[in-house]
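Breakdown of the fold
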Amino acid sequence: MKTSIKIFKIFDIPIELDFSFLILIISIYFLAFLELISLELAVLITLIFVTVVIHELAHSYVARRFGVKIEKILLLPIGGIAKMEEIPRVPRQELLISIAGPSTNLIIAATLYGIGSMGIFPHAITEFIANFILVNVVLALFNLIPAFPMDGGRILRALLAEKMSYLRSTEVAANLGKFLAILMAMAGIFFNLFLILIALFIYIGAEQEYRLVFISSLLEGVKVSDVMTPDPITLKPSSTVREALETVFKYKHMGYPVTENGELKGIVTFHDLSSADENTPVSEVMTEDVITVNINDDAMIALEKLTSHDLGRLPVVKEGKLVGIISKTDLIRTLDIMRRTKT
C-alpha cells in the first residue's frame, strides 16, 4: 500500500509527501484558520520543510556526482529523508556528501541576512526573515552534531576513516553518538522531555549504522552467486491456482517465481492464491513488477533489497533469465559462518 504522493521532480529526483505529512500541513493551516496560531507561523513551518527539501537535495546532488543512485526524497513530519544507495566508503566523497546539507542551510541563512540587512522591507517582513535565518542556522547546527544518523556523524566518520579502517571509524563515531545521546537524555529529565525523544532517535540511529557497516564488512567479497539456491522451483503463467497451491503445500515455500522459457514473468505468493478461484491462471494473480537481484551483485545488495522492501526471498537473474533464489535465511546463515570465521 502506497503511503506517499509524488508532487514534482528536481534534478530528476522525485519529491514525495508522506500522507502523515499532508495531514500535518492541513492541520497547521486549519489551526491558522481558527486563529489558534498565526498565519505567519504556519507559513514559517511550511518554509522549514521547504528548507529540509533543499537540504536533502544538496546531499543528493553531490551524491549523484559520485555515482550514487537517488530513489526519491520523502517528506515526513519529523523531517526529510533522501533514499539513496549506500554512501561511498571513500572518506573524501562521504565528507563532501555529508557536509553539503548543513553548508546549504548556512548559505541560505547568510543570503537572507544580506537581504534583510538592506533595510528595504517593513518591520514585519524583516522579523519573519530573521526567524527563517534562525531556522536555517539551527537546522545546520543540529545536523552537525557528531552522531549518527545526523550529518555530523558521517562527517566525523569520514575524517576518522583517513586514519583507521571504515569499520573502526564507524564504531568510534557510533559510540560517541550513543554517549552524546545518553547525556542528552539525562539533560532532558531536568530540562525538556523532548530531548529524551531526540536522544532515543540518536542512540538507535548510531546502533543501526554500526550494525549495518558490521554486517557489510562480514559480507565483503561475497557475491549473490555464492549464497543463492540455484534452479528454484517455478510455476508457469498457464498453471492454475489449484496447481500452484499444490506446489505451495508440497514444498512449503510461500512464494514462487513464474517463468516462461526460463524468462522471469512474475512472482506469485500464497496470499495471491488464497483468495482466487482454483481454475484461474497464475498469470492473472501474479505480481509482474518483481524486485530482483543480479547474480553478479554483492550479497549486501540483496540483503538491502530484502530489508528495505520487507521481502523473504528475491529472484536472482542473469541476462533476464531466472537462475536462482536468495532468501534472508541464506544470508543469515552466511553471516553466521562469516562471523565464526572472523572470531
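Residues numbered from 1 in each chain as written. Predicted model: local features only at pLDDT ≥ 70, side-chain atom pairs only at ≥ 80, totals over all residues. Heavy atoms only, no water.

**Focus on the overall build of the chain**
- Tallying secondary structure elements over the chain gives twelve helices and ten strands in all.
- Across its three principal directions, the C-alpha atoms of the chain cover 75 × 55 × 40 Å.
- For the chain, buried positions account for 42% of its 343 residues.
- Carbon and sulfur atoms form 63% of the exposed surface of the chain, whose accessible area is close to 19500 Å².
- A gap of 6 Å separates the mean positions of the 31 positive and 36 negative side-chain charges of the chain. (Helix = DSSP H or I, 4+ residues; strand = E, 2+ residues; numbered from the N terminus. Buried < 20%, exposed > 50% of the residue type's maximum accessible area, 1.4 Å probe, protein only. Areas by Shrake-Rupley, 256 points an atom, 1.4 Å probe, with all protein chains shown as cover. Lys, Arg positive; Asp, Glu negative; His and termini not counted. Charge placed at Lys NZ, Arg CZ, Asp CG, Glu CD.)

**Thoughts on helix 12 (residues 328-341)**
- A rise of 1.5 Å per residue sets the reference length of helix 12, with its 14 residues, at 20 Å; its end C-alpha atoms lie 20 Å apart and thus fit the reference within 8%.
- The complete set of buried residues in helix 12 reads Asp 330, Leu 331, Thr 334 and Leu 335. Looking down the long axis of helix 12, one finds its buried residues gathered within 130° of arc, a one-sided arrangement. In this structure, helix 12 carries Ile 332 and Arg 340 as exposed residues pointing more than 90 degrees from its buried face.
- Buried positions along helix 12 lie against helix 7 (194-218), helix 8 (224-227), strand 5 (229-230), helix 11 (299-308) and strand 10 (321-327). (Expected span 1.5 Å × (residues − 1). Arc of directions from axis to C-beta. Contact = heavy atoms within 4.5 Å.)

**Quick notes on the pairing of strand 3 (residues 70-76)**
- Within strand 3, six of the seven residues are buried, which leaves the element mostly enclosed by the surrounding structure.
- Relative to strand 3, strand 2 (residues 13-18) is paired through three bridges, and the arrangement is parallel. Bridged to Leu 17 within strand 3 is Leu 75. (Pairing = 2+ DSSP bridges.)

**With respect to the side chain of Asn 143**
- Mapped onto the secondary structure, Asn 143 falls in helix 4 (residues 123-143).
- Since its relative accessible area comes to 12%, Asn 143 is described here as buried.
- Discounting residues that sit within four places of it in the chain, Asn 143 has contacts with His 55, Pro 102, Met 150, Asp 151 and Gly 152.

**Considering helix 11**
- Buried within helix 11 are the following residues: Ala 299, Met 300, Ala 302, Leu 303 and Leu 306. In a view along the axis of helix 11, the buried residues occupy a sector of 155°, so they form one face of it.
- Those residues of helix 11 hidden inside the fold are in contact with helix 7, helix 8, strand 8 (293-294), strand 9 (313-318), strand 10 and helix 12.
- Looking one or two residues past helix 11, Asp 310 carries a phi angle of roughly 55°, positive in sign.

**Re the pattern of salt bridges**
- According to the stated counting rule, one finds ten salt bridges in the structure shown.
- Between Glu 16 and Lys 72 there is a salt bridge whose closest N-O contact spans 3.3 Å. Highlighted residues: Glu 16 in strand 2 and Lys 72 in strand 3, separated in sequence by 56 residues. Here Glu 16 and Lys 72 have matching classes, each one buried.
- Between Lys 178 and Glu 207 there is a salt bridge whose closest N-O contact spans 2.8 Å. Here Lys 178, found in helix 6 (residues 166-190), pairs with Glu 207, found in helix 7; they are 29 residues apart in sequence, far enough to count as distant.
- For Glu 207, a relative accessible area of 24% translates into the label partly exposed.
- One salt-bridge network, in which partners are shared between bridges, spans Glu 94, Arg 154, Arg 157 and Glu 209. (Salt bridge = Lys/Arg side-chain N within 4 Å of Asp/Glu carboxyl O.)

**Let's talk about the packing of helix 3 (residues 91-116) against helix 4**
- Following both chains from N to C, one finds helix 3 and helix 4 inclined at 160°, their axes separated by 8 Å at the closest point. Classified by the angle their axes make, helix 3 and helix 4 are roughly antiparallel. Judged by the twist between their axes, the crossing of helix 3 over helix 4 is left-handed. Contacts from Pro 102, Asn 105, Leu 106, Ile 108, Ala 109, Leu 112, Tyr 113 and Gly 116 of helix 3 reach helix 4 at Thr 126, Ile 129, Phe 132, Ile 133, Asn 136, Val 137, Leu 139, Ala 140 and Asn 143. (Axes fitted to C-alpha atoms, helices over the stretch in contact; angles between N-to-C directions. Parallel < 35°, antiparallel > 145°, perpendicular 65-115°, else oblique. Left-handed = near helix turned anticlockwise from the far one by under 90°.)

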